[in-house]
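# Survey of secondary and tertiary structure
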Amino acid sequence: MKRIMGLDVGEKRVGIAVSDPMGWTAQGVEVIRRDRSDWLDRLGELIDQYEVGSLVVGLPRNMDGSIGKKGETCKELSRELENRFQLPVELWDERLSTVAVERTLIDADMSRRKRKKVVDQMAASWILQGYLDARGRNRNA
């Protein structure tokens, strides 16, 4: 079974997470800097390394559910990823994922500097886990 990769796309960084082979749990993998011209090449290497069969991209929505500028950017990027890697790409509502991860790290008494290093990766895990959980519920319904 192919793994699913989750992406938390920010302006400067992309958090990456992958599912286990059964598609039950999400684990953070790394953060790729988007200001590197070869960031898509690195993403391709991770897709190959983890034998990824599909991608889930976090879709930032406004609190009223509408899609703003950041959301439109993510939709555009998801189309680009689909074309480049020839993989299905799904968008997943990521509202409050980064906020939830930040709160968790603060509760764990992690310093701001350390949080900055892991928040994108953990947000990608949060997004992917939400997707996997919903998919599992739908499969069992």
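Up top you'll find the structure we're talking about.
Just so we're clear, the structure is a prediction, and the values are computed from it rather than from any experiment.

## Focus on the overall build of the chain
- Scanning the chain from N- to C-terminus turns up four helices and five strands.
- Starting at the N terminus and walking to the C terminus, you meet the elements of the chain as β-β-β-α-β-α-β-α-α.
- Looking at the chain residue by residue over its 141 residues, the buried ones come to 40%.
- Sequence separation of 24 or more characterises 59% of the internal contacts of the chain that already satisfy a separation of 6 or more.

## Let's talk about the sheet that holds strand S4 (residues 52–59)
- Strand order in the open sheet formed by five strands is S3-S2-S1-S4-S5, with mixed pairing between adjacent strands. Pairing within the sheet leaves two strands with one partner each, and these edge strands are strand S3 (26–33) and strand S5 (89–93). The average undirected angle you get between the axes of adjacent strands in this sheet is 25°.
- In terms of strand pairing, strand S2 (residues 13–19) meets S3 through seven bridges, oriented antiparallel. Across the sheet, the residue bridging to serine 19 is alanine 26, located in S3.
- Relative to the sheet, helix H1 (residues 39–49) contacts strand S1 (3–9), S2, S3 and S4, its axis offset from that of S3 by approximately 155°.
- Running at roughly 170° to S4, helix H2 (residues 69–85) makes contact with S1, S4 and S5 of the sheet.

## Let's talk about the packing of aromatic side chains
- A full pass over the atoms with the stated rule returns one aromatic pair.
- Both rings, one in tryptophan 92 and one in tyrosine 131, keep their centres 5.5 Å apart while their planes meet at 85°; by these two values the pair is edge-to-face. Taken as a pair, tryptophan 92 in strand S5 and tyrosine 131 in helix H4 (residues 112–140) lie far apart in primary sequence, 39 residues in all.

## Some words on H1
- Along H1, the residues that are buried comprise Trp39, Leu40, Leu43, Gly44, Leu46 and Ile47. Along the axis of H1, the buried residues cluster in a sector spanning 160°; they form a single face.
- Of the surrounding elements, those touching the buried residues of H1 are S1, S2, S3, S4 and H2.
- Glutamate 51 occupies a position one or two residues after H1 and carries a positive phi of about 50°.

## As for the pairing of S2
- Burial analysis of S2 places six of its seven residues in the buried class, the great majority of the element.
- Pairing analysis gives five bridges linking S1 to S2, with the strands arranged antiparallel. In the strand pairing of S2, aspartate 8 is matched with glycine 15.
- Between the end of S1 and the start of S2, which pair antiparallel, lie three residues.

Conventions used here
Residues numbered from 1 in each chain as written. Predicted model: local features only at pLDDT ≥ 70, side-chain atom pairs only at ≥ 80, totals over all residues. Heavy atoms only, no water. Helix = DSSP H or I, 4+ residues; strand = E, 2+ residues; numbered from the N terminus. Buried < 20%, exposed > 50% of the residue type's maximum accessible area, 1.4 Å probe, protein only. Contact = heavy atoms within 4.5 Å. Pairing = 2+ DSSP bridges. Axes fitted to C-alpha atoms, helices over the stretch in contact; angles between N-to-C directions. Phe/Tyr/Trp six-rings, centres within 6.5 Å; stacked < 30°, edge-to-face > 60°. Arc of directions from axis to C-beta.

Everything listed here is a matter of geometry and, on its own, says nothing about what the molecule does.
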